[in-house]
2 protein chains.
Amino acid sequence: MTTEQDQWRELGQQLRVDSIRSSSAAGSGHPTSSMSAADLMAVLMSKFLHYDFGTPDDPRNDHLIFSKGHASPLLYAMYKAAGAISDDEMLTFRRFGSRIEGHPTPVLPWVDVATGSLGQGLPIAVGVALAGKRLDRLKYRVWCLCGDSEMAEGSMWEALEAAGHNKLDNLTAIIDVNRWGQTGETMHAWDLDAYRRRAEAFGWKAIEIDGHDVAAVDRALARAVETTGQPTVIIARTEKGHGVKAVSNLPGKHGKPLDDPEASIAELGGLRSIHVDVPKPTIAGTPHEFPTTALKLPIYEPGTKEATRKAFGDALVALGKARGEVVAIDGEVGNSTYTELFATALPDRFFQMYIAEQQMIATAVGMQVRGWKPFAVTFAAFLARAYDFVRMAAVSRANIAVAGSHAGVSIGEDGPSQMALEDLASYRAVHGSTVLYPSDPNQTAALVPQMADREGIVFMRTTREKLPVLYDPGEDFHIGGSRVVRATDDDAVTLIGAGITLHEALRAADQLAGEGITARVIDLYSVKPIDAETVRTAGRETGAIITVEDHWPEGGIGDAVLSALAEEESHPLVVKLAVRSMPGSGTPAELLAAAGIDADHIADAARELTGRAGARGRSKSEVGSGRRE
Amino acid sequence: MTTEQDQWRELGQQLRVDSIRSSSAAGSGHPTSSMSAADLMAVLMSKFLHYDFGTPDDPRNDHLIFSKGHASPLLYAMYKAAGAISDDEMLTFRRFGSRIEGHPTPVLPWVDVATGSLGQGLPIAVGVALAGKRLDRLKYRVWCLCGDSEMAEGSMWEALEAAGHNKLDNLTAIIDVNRWGQTGETMHAWDLDAYRRRAEAFGWKAIEIDGHDVAAVDRALARAVETTGQPTVIIARTEKGHGVKAVSNLPGKHGKPLDDPEASIAELGGLRSIHVDVPKPTIAGTPHEFPTTALKLPIYEPGTKEATRKAFGDALVALGKARGEVVAIDGEVGNSTYTELFATALPDRFFQMYIAEQQMIATAVGMQVRGWKPFAVTFAAFLARAYDFVRMAAVSRANIAVAGSHAGVSIGEDGPSQMALEDLASYRAVHGSTVLYPSDPNQTAALVPQMADREGIVFMRTTREKLPVLYDPGEDFHIGGSRVVRATDDDAVTLIGAGITLHEALRAADQLAGEGITARVIDLYSVKPIDAETVRTAGRETGAIITVEDHWPEGGIGDAVLSALAEEESHPLVVKLAVRSMPGSGTPAELLAAAGIDADHIADAARELTGRAGARGRSKSEVGSGRRE
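My aim in this report is to walk through the structure given alongside it, one point at a time.

## Describing the sheet that holds strand S5 (residues 232-237) of chain A
Strand pairing in a sheet is mediated by backbone hydrogen bonds. Such pairs are either parallel or antiparallel.
Residue and element names in this part refer to chain A.
Then, number 1: Pairing is parallel in the open sheet, where five strands are placed in the order S1-S2-S3-S5-S4. Each edge of the open sheet carries a strand with a single partner, namely strand S1 (63-66) and strand S4 (205-210). With strand direction ignored, the average angle separating the axes of adjacent strands in the sheet is 20 degrees.
Then, number 2: Alignment of S1 against strand S2 (residues 142-147), held across four bridges, turns out to be parallel. Bridge assignment links Phe66 to a residue of S2, and that residue is Leu145.

Below, the structure written as C-alpha cells:
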C-alpha cells in the first residue's frame, strides 16, 4: 500500500518527467528550473491548493501564481496531472498557435496573469491577496512560487513589505532556492538563512525546508495555512534539475532541454499517468459587494477654473459611489492627485501602497484578476517606475485604469524630475492601450466612467494647473473622439493640442484671428485611439497642421497625428511643437514659453506655416487636390 | 568659547533658516523635509565630508548624494555655508533660469546626479561607491541622504542588497526618519528598529540615533568611517520641520513654504552667516587606469551568419581592450547578451548586478559620474523595468550606453514576456537619447565604439537570431546615418527596415523584382537621430514608403520616418507594418509572418501600395512634383 507521501513523490517524478517531455518536444524551455520545484508543487496541488479546474472563475478558488514563469513546463505538467489539459496538448508546448506558451499567459483559463518578467508574480499575488481580504472578503488563499534569482528584484521587496504591512496571512510565497541562476550562482546560493533573515525583517513568517522532502513540504504548507496575522514564506532548498544526474545541481543547465531525455526519463522511473484530484474549494460565501448609488458626476461651471487632476479625483469618487467594483490605489501622493477624496469617501476601497509604484500597478493587476476595477494613480512621471509592470499587464490581458498627474513642463517650479514628458509615448506603445489627455474638467469627468468599462490598459494624463472650464457639464465626450473647438470653412491652419496646450492653442487662434488668419482648433483628448477622420479632414481642408504638446517630440500627440495622416493622398504640412530642451524650474508660463509651446510660439509657427502652405495650396488646387480655398 | 558641538548646532539652525528663506522666496519647495536633516548635514559637512568645492572634478573628492532630492533647500543652504554659492544665488531658488532648481541637477557642478524621483539616489550612490572600490581604486567616501518614505521603493532594497553583497564600506546611507510622508505617516513611522532589522538582514551595519543630537551624529559618522567590510546606515530619528513649533512633527506640512517665515526664523534664532571650511580631500593617489591595446574590432565574413547580439558582445570586448574606461554591467543574462565574453576577457571591469535592472542602470549612472563609460546590458524587454532610471539619467545629463537583446517577436518560442516591442518608442522618448538598431554584425561592431563617445543615453537594440552578414568588415557606419542597400533610378517603392526586418525587406525586394517592381531598400540602423535626408529623398523619388518593424506600431521606426517627412511638400504614401496583435510562442518565421512583417507581407503591401502610388504619382508628375518616373 502506498502512502500519501509515496504518492506525492511519484507525482513529483511525473511532473519532472513531463517537464522534460514538453521541453524536449519544443526544443527549448526550462526543464531544470521546473524539476527543482516539482515536489513542492506535487504536495501543494494534492492537498493544499483548493481549485476547481472545471470552474476557473469560481470566486472561491485559490490562486496559484508562478512568479518564476519560466517554470512553465512544471505548471503545464500540473495542469495535465489535474486533468485540465491532455498530454497531447501539453506536448504542444511553445508551438505556434498553442495556448501552452513559453511562459504562462491568461490565454489559459487557469492562469491569472502572465509571468516571465521576473519579480512580478509576487507583487501581483499581493494584489490578489489584498482583494481577498479587503474586497471579496473570501478566505481563498494565494500561493506564489518564486525563483531565488528573482529575489534580487526590488519589486519583490516592495511585495514583501506590502504583504507584511497588510498582514496578508492568506498569502504564501514558496521560494525555490535551487541556487543556480541563468549564468551562475545566485547572490545567496544555498544560504537559506539569508532569505529567512530578510523575510522575517519584513514581517513574514519564514520556514526553511528541504524542498525535496515531501513530508517537510507538507508540514511547511500546513504551518502556512495555520499562520495568522502575517504572510508565510517557505524557503525551500532544492536542486535545479533534481533527479537527473546529468543536470542536477550543475551550472550551465538553465533554459535548455535535456541532452538525453529518454535516459533522463528512465532515470526518473519512466512515464507515469497519475491523475490528481485537486481539492475543490470548500470555503463558503460569495464575493462582498459594496453598496452603490446613482452616478452623479461633478459639475464645473464654464467661466471658472479647475485642474483636470482635481476633476479626475472628484469624478473617481462619483464613479466609486456608483460602481462598487471601483477601487483606488495610491502611491502616497493622494493630496496631489486627489485620490485623497476617494480615501475619505470610500475608505474600504482605497489602498495606500506608499511610494512603491511597481507594487501599485501590481496591486491593480492582482485586483482585476478578481474582477475589481482598479484605478492606480500617481504623478505621471513616476509611472515610468512601473513601465515593465504595465507592459506585462498588457500580456496579462489585464483591465486596469492608470492616471498620472503633473504632466509636462507646466507643473512649473519643481523641475524636470517631477515632469512627465515621455508618458504619452510610453503608454501609446503598450499593446491595446488607451491614452486620454483631457483638456477640461467636465470632459475629464465624462471620461472617467468610460475608463472603468474599457478593456486593456487605460491611461489618463492630467494637468496640475487650473485651466478655464471650456465645456458645459454633461457634454458628450467619448474615448476615440475629439472636439473641434473652432472651425470655419476657410481655416488656413489647424492647431491640435490637448490638456494645457489646447488652451495655448486657443489663445494663439485668438491672436491669429486678429491678423486675418483663421485657425481650426482641435482638442485631441483621446490620443489613442485617435479620431483619425477629424484629423484627416482638417488636414485636407486646411492643408497645414500644427501639433502642440507638453511632451518630448517623440511618440506623443505629434506622432499620433502623423500616423493618422500617413496614407493621405493629399498630405498637409505638419509642424510638431514639443519640448525640445531639458527644462529647469520656473513658472508654468515661463516654462511653456521656453519650450516653445505657448500661445505666442504657436501663433508664430502658424504664421510661418500658413505662408508655406498657402503657396503650396495654390499650386495643389490647380490639380484639384480637394482642398477648399 | 563655543565648542565644536555648539558650532554644529548653530550651523544646523542656519541650514534650517536658509531652507525657510529660499523656499519662502520661491513660494514653494520643501523646507520641513530639509529642517529634519539639517543637524545631520551640519556635522557631516563640518567634519566628515571631504570635498573641495573649488575643484569639483578632483577625483579624490567625496560624493554627497541627496536621494531625497526634495530636500534641495538644505543642499543649497549647505552650498551657501560652504561658500560655493552666494546668499543671493541661493535665494533664486526655483526661479526661471536659475541653476538652483526645484530638485538638484548637475547644472550645478557639485551635484553628481539629478534626484527627485525617490529611490534613485542610493542605487546611484552604490554605483559611485563601486567605482571607488573597483575602478578608481581611491578611498573617497560616498554619503547618501535618504528619506524614510523612499525606503518603500524596491530600488532602495536593490541598492541595499548590492552594497551589502559588494561589501561597500566606502558607502554611508543616512536615513532621515522624520516619520511623515507627503500625505501621512510612513509605513514605519518612528519605528527605527524596523529599518535596522531590514538593513542588518541585507548585510549593513546599522546605527540608530537621535538625528538632532549632534554628538550622536558625530559618533555615528565616525563609526561609519571606521566600519570595514560592510556599508553603514545611520538611522536617524528626526522631526520634520524641527525647530519651528508651527510645523514641527505635524502632518500636512509637506512641500510648502512656512506660513510665517519671519517668526519661524526668529524662533530659530535669526539669520546667521556661518562659513564652513569643508575639509578638503586628504587621500592620496590618482584614479586607476587600466592598460589598453589598439582597437581591433571583430570581423564577420559576408556569406556567413551571426546574431547582432553576439557581434555586440564581441565588439564590447574589443572596445574594452582598447579603452580602459569602458565597463560592462550585466543583469544576470550574460550568456544571452554575450557580456559573458567581457566578463571573461576583462573581469576587473565587469559588474554582475544580478536580476535587478534598476540597480543595473543606477550603477551605470553612478560610474559615469566618475568618468567611466558603462555599458548596461540585458534583454531589451527587461530594460522597461528601469525606465524611470533612464528618464532621470537624462535629467542627470548622464552619458551611458545601454544595450537590449532579444528584441521583438523574432525571438520565437519564449513568448511575449521576453519580447521587447516598446523599447524603440520608450528610448526614443528619452531626452537627448540615441537609438541604434543594427542589421548586421559588422555594422554592429562599427557602431559600438561610437556608443562610448556619444553624449547622453545611447541605446542599442540587438537581435537574437543569426542573420546573414550583409556588409564587409570595416565599412563606414555612423550614428545618424542610414544605408541605402538597394536603389535604382526608377524605384516604385521604398522599404525601410532595421534589424531583422531589413532582411525581410530585402527578401521582399527580391520577390518584387521578379514581378518588375523595383524597390529601394533602406537600412535605418540609426533610428534616432534619423537620416532624414535619405528618407525624404526616397519619399520624393519613389512616392511610396513601407516601414517594417518588429515592434508595436507606436513610437518606433514608422513614427520616426513619418516625423522626418512631416514637413515635406510632396509627401509619399507611407504604410507602417508593425506588430499589431499580441504574439504567442512559435518559430521566428511563424511569428514574423503572423505579425505581418515578413517578406511575403512586405511584398503584398508593396504591390498594393505601388498600385495606389502609381496612380497618384502620374497625377502629381503633371504638376512637376519632382518625383522621377
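## Comments concerning the environment of Asp476(A)
Residue and element names in this part refer to chain A.
Then, number 1: Topologically, Asp476 is positioned in the loop between strand S13 (467-468) and strand S14 (483-486).
Then, number 2: Taking the relative accessible area as the measure of exposure, Asp476 reaches 58% and is therefore exposed.
Then, number 3: Sequence spacing of Asp476 and Gln443 is 33 residues, and the spatial spacing of their C-alpha atoms is 8.0 Å.

## Side note on the relation of the copies chain A and chain B
These two copies of the chain differ by a rotation about an axis and a displacement along the same axis.
Then, number 1: Taken as rigid bodies, chain A and chain B are interconverted by a rotation of 180 degrees and an axial shift of 0.0 Å, the fit giving an RMSD of 0.0 Å. When the rotation and shift are considered jointly, the pair of chain copies conforms to a two-fold rotation axis. By C-alpha distance to the rotation axis, the residue of chain A lying nearest is Gly154(A), at 1.8 Å.
Then, number 2: Interface overlap between copies is the fraction of interface residues in one copy that are interface residues in the other; for chain A against chain B it reaches 100%, indicating a shared surface.

## Side note on helix H19 (residues 532-542) of chain B
All names here are of chain B.
Then, number 1: Listing the buried residues of H19 in full gives Ala532, Thr534, Val535, Ala538, Gly539, Glu541 and Thr542.
Then, number 2: Buried-residue contacts for H19 involve strand S14 (483-486), strand S15 (493-497), strand S16 (519-523), strand S18 (544-548) and helix H20 (557-565).
Then, number 3: Positive backbone phi, at 75 degrees, marks Gly543, one or two positions downstream of H19.

## Topic: the pattern of salt bridges
Residue and element names in this part refer to chain B.
Then, number 1: Under the criterion given, the structure shown has 85 salt bridges over all chains.
Then, number 2: A salt bridge links Asp87 to Arg21; the nearest nitrogen and oxygen atoms lie 2.7 Å apart. Of this pair, Asp87 sits in helix H5 (residues 87-90) while Arg21 sits in helix H1 (residues 4-26); the two residues are 66 residues apart in sequence, bridging distant segments of the chain.
Then, number 3: By relative accessible area, which is 24% here, Asp87 ends up partly exposed.
Then, number 4: Residue class for Arg21 comes out buried when judged on its relative accessible area of 16%.
Then, number 5: For Arg520, the salt bridge identified is with Glu541, shortest N-O distance 2.9 Å. Remark: Glu541 occurs in helix H19 and Arg520 occurs in strand S16; sequence separation between them is 21 residues. Each member of the pair Arg520 and Glu541 is classed as buried.

## A few points about the packing of aromatic side chains
Then, number 1: All told, the structure shown has 30 aromatic pairs over all chains when counted by the stated rule.
Then, number 2: Centroid distance Tyr427(B) to Phe459(B): 4.2 Å. Interplanar angle 20 degrees. Geometry classified as stacked. Of this pair, Tyr427(B) sits in helix H16 (residues 423-428) while Phe459(B) sits in strand S12 (residues 457-461), and the two are 32 residues apart along the sequence.
Then, number 3: Residue class for Tyr427(B) comes out buried when judged on its relative accessible area of 2%.
Then, number 4: Look at Phe459(B) and you get buried, because its relative accessible area is 0%.
Then, number 5: Taken together through their ring pairs, the aromatic side chains of Tyr51(A), Phe53(A), Tyr76(A), Tyr79(A), Phe93(A) and Trp110(A) make up a single cluster.

## Considering the interface of chain A and chain B
Then, number 1: Facing 101 residues of chain A, the contacting portion of chain B comprises 101 residues.
Then, number 2: Where chain A abuts chain B, roughly 8,600 Å² becomes buried across the two surfaces, and 52% of that area is made up of carbon and sulfur atoms.
Then, number 3: Its largest share of buried area at the contact with chain B, chain A owes to Phe96(A), Met187(A) and Arg385(A), together 9% of the area lost on that side.
Then, number 4: Across the chain A-chain B interface, the total number found is 14 salt bridges.
Then, number 5: Two residues, Asp388(B) and Arg385(A), come together in a salt bridge whose shortest N-O distance is 3.0 Å.

## Let's talk about the packing of helix H7 (residues 154-165) of chain B against helix H14 (residues 357-369) of chain B
A packed helix pair is summarised by two numbers, namely the angle formed by the two axes and the spacing between the axes.
Residues and elements named next belong to chain B.
Then, number 1: Look at H7 against H14: their axes get within 9 Å of each other, and the N-to-C directions meet at 70 degrees. Considered as vectors, H7 and H14 are oriented roughly perpendicular to each other. Like other packed secondary-structure pairs, H7 and H14 cross with a definite hand, here right-handed. Only Glu357, Gln358 and Gln359 of H14 make contact with H7, whose side of the interface consists of Ser155, Glu158, Ala159 and Ala162.

## A look at the environment of Phe48(B)
Residue and element names in this part refer to chain B.
Then, number 1: For Phe48, the position within the fold is in helix H3 (residues 38-48).
Then, number 2: Residue class for Phe48 comes out buried when judged on its relative accessible area of 9%.
Then, number 3: Sequence-wise, Phe48 and Val225 are 177 residues apart; in three dimensions their C-alpha atoms are separated by 8.5 Å.
Then, number 4: The contacts of Phe48, once residues within four sequence positions are left out, are Val43, Asp62, Trp143, Asp218, Leu221, Ala222 and Val225.

## Here we look at unusual backbone geometry
Residue and element names in this part refer to chain A.
Then, number 1: Of note, the bond from Lys528 into Pro529 is cis; its omega dihedral lies within 30 degrees of zero at 0 degrees.
Then, number 2: Mapped onto the elements of the fold, Pro529 is located in the loop between strand S17 (526-528) and helix H19 (532-542).
Then, number 3: Phi at Arg397 takes a positive value of approximately 55 degrees, unusual for a residue other than glycine.
Then, number 4: Assessed through its relative accessible area of 36%, Arg397 is described here as partly exposed.

## Side note on the sheet that holds strand S7 (residues 326-330) of chain B
Residue and element names in this part refer to chain B.
Then, number 1: The strand order S8-S7-S9-S10-S12-S11-S17 describes an open sheet built from seven strands, whose pairing is mixed. With one partner strand each, in any of the chains shown, strand S8 (350-352) and strand S17 (526-528) form the two edges of the open sheet. Within the sheet, the average angular offset between the axes of one strand and its neighbour, ignoring direction, is 20 degrees.
Then, number 2: One ladder, built from three bridges, connects strand S11 (residues 434-436) with S12; its direction is parallel. In the strand pairing of S12, Leu436 is matched with Met460.
Then, number 3: Where H14 meets the sheet, its contacts fall on S7, S8, strand S9 (373-379) and strand S10 (400-405), and the angle it forms with S9 comes to roughly 170 degrees.

## Brief notes about the nonpolar core
Then, number 1: Counting 309 residues, the largest nonpolar core has Ile361(A), Phe375(A), Leu495(A), Ile361(B), Phe375(B) and Leu495(B) as the members making the most contacts within it.
Then, number 2: If near-sequence neighbours (up to four positions away) are discounted, Phe375(A) is found in contact with Phe312(A), Leu316(A), Leu319(A), Val326(A), Val327(A), Ala328(A), Ile329(A), Ala401(A), Val448(A), Met451(A) and Ala452(A).

Here is what the cut-offs are and how they apply
Within each chain, residue numbers correspond to sequence positions counted from 1 in written order. Lettering for chains starts from A, numbering for ligands starts from 1, and both go in the order in which the items are written. Reporting in this predicted model follows two pLDDT cut-offs: at least 70 for local features of residues, and 80 or more for side-chain atom pairs to be given and counted; totals over whole chains, interfaces and linings ignore these cut-offs and use all residues. To get the side-chain values, all heavy atoms of the structure are used, and hydrogens and water are removed first. Paired strands are those between which DSSP finds at least two bridges. A run of H or I in DSSP counts as a helix once it spans at least four residues, and a run of E counts as a strand once it spans at least two, with each numbered from the N terminus. A fitted line through C-alpha atoms serves as each axis, taken over the contacting stretch for helices, and the angle formed by two N-to-C directions is quoted from 0 to 180°. Exposure is judged per residue with a 1.4 Å probe applied to protein chains only, and the accessible area is read against the type maximum: over 50% gives exposed, under 20% gives buried, and values in between give partly exposed. To line up the copies, we fit them by least squares on C-alpha atoms, keeping just the residues with pLDDT of at least 70 in both. Note on contacts: a residue pair qualifies if any of its non-hydrogen atoms lie within 4.5 Å across the two residues. Salt bridges are counted wherever a side-chain nitrogen of Lys or Arg sits within 4 Å of a carboxyl oxygen of Asp or Glu. When the centres of two rings from Phe, Tyr and Trp lie within 6.5 Å, Trp using its six-membered ring, the rings pair. Their planes under 30 degrees apart give stacked, over 60 give edge-to-face, and anything left gives tilted. Two parts placed together each lose some accessible area under a 1.4 Å probe, and the buried area is that loss summed for both. Any angle that falls under 35 degrees is termed roughly parallel, while one over 145 is termed roughly antiparallel, one within 65 to 115 roughly perpendicular, and all others oblique. Should the near helix be turned anticlockwise from the far one by less than a right angle, the crossing is termed left-handed; should it be turned clockwise, right-handed. Here, nonpolar core refers to any group of buried Ala, Val, Leu, Ile, Met, Phe, Trp, Tyr and Cys residues whose side-chain atoms link them within 4.5 Å.

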